[in-house]
Amino acid sequence: RAKVKSDAWLQKKEQEAEEAEAARLKALKAQEWDDIPDTKPGGEAEGFSPELEPLDDFEEEETGIYSPVLEPLSKYDPDELLDPDEDLRVLQQVRNTIIEAFGGSATTASQPLVDRSRDDELFNAEMAKGMASGETSFNAMGKGDASEFHGEVLLDKKRYEWEDKYKPRKPRFFNRVKTGFEWNKYNQTHYDHDNPPPKIVQGYKFNIFYPDLIDKTKAPTYHVEKSDTADTVMLRFSAGPPYEDVAFKIVNREWNLSHKFGFRVVFDRGVLQLYFNVKRWRYRR
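These numbers were taken from a predicted model, which means no experiment stands behind them.

Student: In this structure, what is going on with the sheet that holds strand β2 (residues 152–153)? I would like to understand it.
Tutor: Strands pair in a sheet through their backbones, by hydrogen bonds, and they do so in one of two ways: parallel or antiparallel. Strand order in the open sheet made by the four strands is β2-β7-β6-β5, with antiparallel pairing throughout. One side of each edge strand has no neighbouring strand; the edge strands of this open sheet are β2 and β5 (221–226). Judged from the six bridges that link them, β5 and strand β6 (residues 232–238) form a sheet pairing that is antiparallel. By the bridge assignment, Thr-221 is partnered in β6 with Ser-238.

Here it is, written out as C-alpha cells:
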C-alpha cells in the first residue's frame, strides 16, 4: 500500500511540472508577440521589415545598365578628353615605376610615343596590289593651271575644335584613276584604233587610311564641293580626331552608283574605300 501511494504522488508531481512548463511557454509566447511594433514597417518605430522600394527605381534605362551605348565624342567636354600621347607617356611612367620596384631597370622609348607604323603597313599593302588595266596612280598634287589641275588639293588651314587635345595630321592614302578610250558616235566617226581619240577618265579608286581614329564607331565621310572650273569638282574626305581633311580634284561627271558597275564605299579596319566609275556619254563629242 505504501508503494502505490508513492507512485501516485510521483505522477501528480510530474503532471504539475508539465502544467507549469506549459504555462511558462504560453507566457513567453505572449510576451514575444507583445514586442511586435504596431506601427507601419519602415516608419518611425523602425520595424523588422524595411519598406520595399518602388519597382521603377530598379528598372533599366533605355540605354540599358549592363551594355551602355558608346556615346559620340562630341558629347563630352574637350577638357575631359585625354591626349593619346600623354596617356601613353603616363602609362610608360607607371610601368617603369613598377619595374623598378621589383628590382628591374626602366625602359626608354626609342620610338615615337604613338606608333605610326600601321599607316605604312596599310599603304604598302594597298600598293602591293598593283594596278589593273588602264589604272594609274592618283596620289600626287595636281599640276598645271586651273584647267589642267587634277589630283590632290592643297586645302586652306583649318582649325579643329579637338586640336587642343590631339595634334592634327593628314591621313595617308593610295588612290588610282582609270582612263581609257570612249568610243561614242562622234569618236567612231572621226577616229579608229590606229588613230585613237584622247583618253578620258572612266573611274576612281580612293583608299584613305585612318588607323588611329579616336572614335572608331563613327565612319569618315565624303562630299563633293564646287571647284574653280566647270569641268572639275572637289571631293573632300573628313573624319574625326586626329585627322585633318583631305581633298582631290576630279572630273565633273555623273557617278555610276550601281554595285554591278564597280561602286563601293566601305570603312573597315581603318581604311575608307570609295570606288566608282563615271557614266559614259554615247553621243558626246
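Student: Explain the pattern of salt bridges to me, please; I cannot follow it from the model alone.
Tutor: One side chain can pair with another of opposite charge once the charged atoms of both are near each other. This structure, assessed with the given rule, holds 16 salt bridges. In this structure, Arg-176 engages Glu-135 in a salt bridge whose closest nitrogen and oxygen atoms are separated by 3.9 Å. Taken together, the positions of Arg-176 in strand β3 (residues 176–180) and Glu-135 in strand β1 (residues 135–137) put the pair 41 residues apart, joining distant regions of the chain. The same class applies to Arg-176 and to Glu-135, which are both buried. Lys-170 is the salt-bridge partner of Glu-152, the closest N and O atoms lying 2.9 Å from each other. Of the two residues, Glu-152 is situated in strand β2 and Lys-170 in the loop between β2 and β3; the sequence distance between them amounts to 18 residues. Overall, the relative accessible area of 43% leaves Lys-170 in the partly exposed class. One connected set of salt bridges, linked through shared partners, spans Glu-126, Lys-129, Glu-135, Arg-176 and Lys-205.

Student: Explanation requested: the side chain of Ser-227 in the structure shown.
Tutor: Position of Ser-227 relative to the elements: it lies in the loop between β5 and β6. Its relative accessible area of 16% is what places Ser-227 among the buried residues. At 3.5 Å, the side chain of Ser-227 forms a polar contact with the side chain of Lys-249. Not counting the four nearest positions on each side in its chain, Ser-227 is found in contact with Thr-232, Val-233, Met-234 and Lys-249.

Student: Could you clarify how one ought to interpret the packing of aromatic side chains in this entry?
Tutor: Two aromatic rings, taken as a pair, are described by how far apart their centres are and by the angle between their planes. One pass over the structure, following the stated rule, counts 16 aromatic pairs. Between Tyr-210 and Tyr-243 the ring centres are 5.0 Å apart and the planes differ by 85°, which places this aromatic pair in the edge-to-face class. Of this pair, Tyr-210 sits in the loop between β4 (200–209) and β5 while Tyr-243 sits in the loop between β6 and β7 (246–251); the two residues are 33 residues apart in sequence, bridging distant segments of the chain. For Tyr-210, a relative accessible area of 1% puts it in the buried group. The exposure class assigned to Tyr-243 is buried, which follows from its relative accessible area of 0%. Residues Tyr-222 and Trp-255 carry aromatic rings whose centres are separated by 6.2 Å and whose planes lie at 25° to one another, so their mutual orientation is stacked. Highlighted residues: Tyr-222 in strand β5 and Trp-255 in strand β8 (residues 255–256), separated in sequence by 33 residues. On the basis of relative accessible area, Trp-255 is assigned to the buried category, the value being 16%. Ring pairs connect the aromatic residues Phe-138, Phe-173, Tyr-204, Phe-206, Tyr-222, Phe-237, Phe-248, Trp-255 and Phe-276, which therefore count as one cluster.

Student: Whenever I open this one, the nonpolar core confuses me. Can you help?
Tutor: Nonpolar side chains tend to gather and get buried jointly when the protein is soluble and globular. Residues Tyr-204, Phe-206, Tyr-210, Phe-237, Ile-250 and Phe-276 are the most contacted members of the largest nonpolar core, which totals 24 residues. Secondary-structure elements contributing two or more residues to this core are β4, β6, β7 and β10 (271–278). Not counting residues within four places of it along the chain, the set of residues in contact with Phe-237 comprises Phe-206, Ile-208, Tyr-210, Thr-221, Tyr-222, Asp-245, Val-246, Phe-248, Leu-272 and Leu-274. Core analysis: the second largest hydrophobic core is formed by five residues, Phe-123, Phe-174, Phe-209 and Val-271 among them.

Student: Is there a simple way to explain the pairing of β6 in this structure?
Tutor: Residues in a regular strand point their side chains to alternate faces of the sheet. Within β6, seven of the seven residues are buried, leaving the element largely enclosed by the surrounding structure. The side-chain alternation of β6 yields two buried faces, one formed by Thr-232, Met-234, Arg-236 and Ser-238 and the other by Val-233, Leu-235 and Phe-237. Both β6 and β7 contribute to a ladder of six bridges, which runs antiparallel. Residue pairing in the sheet places Val-233 in a bridge with Ile-250 of β7.

Student: Can you help me understand helix α2 (residues 84–101) in this one?
Tutor: Because an α-helix packs 3.6 residues into every turn, residues spaced three or four apart end up facing the same way. The terminal C-alpha atoms of α2 lie 26 Å apart, and with 18 residues this matches the ideal 26 Å at 1.5 Å per residue to within 8%. Backbone geometry just after α2 places Gly-103 at a positive phi near 90°.

Student: What's the story with unusual backbone geometry in this structure? I'm lost.
Tutor: A cis amide bond links Pro-241 with the next residue in sequence, Pro-242, at an omega value of 10°. Structurally, Pro-242 can be placed in the loop between β6 and β7. At Arg-269, a residue that is not glycine, the phi angle is positive and equals roughly 55°. With respect to the helices and strands, Arg-269 occurs in the loop between β9 (264–268) and β10.

Conventions and cut-offs
- Residues numbered from 1 in each chain as written.
- Predicted model: local features only at pLDDT ≥ 70, side-chain atom pairs only at ≥ 80, totals over all residues.
- Heavy atoms only, no water.
- Pairing = 2+ DSSP bridges.
- Helix = DSSP H or I, 4+ residues; strand = E, 2+ residues; numbered from the N terminus.
- Salt bridge = Lys/Arg side-chain N within 4 Å of Asp/Glu carboxyl O.
- Buried < 20%, exposed > 50% of the residue type's maximum accessible area, 1.4 Å probe, protein only.
- Polar contact = N/O pair within 3.5 Å; in protein donor to acceptor, adjacent residues only side chain to side chain.
- Contact = heavy atoms within 4.5 Å.
- Phe/Tyr/Trp six-rings, centres within 6.5 Å; stacked < 30°, edge-to-face > 60°.
- Core = buried A, V, L, I, M, F, W, Y, C linked by side-chain atoms within 4.5 Å.
- Expected span 1.5 Å × (residues − 1).

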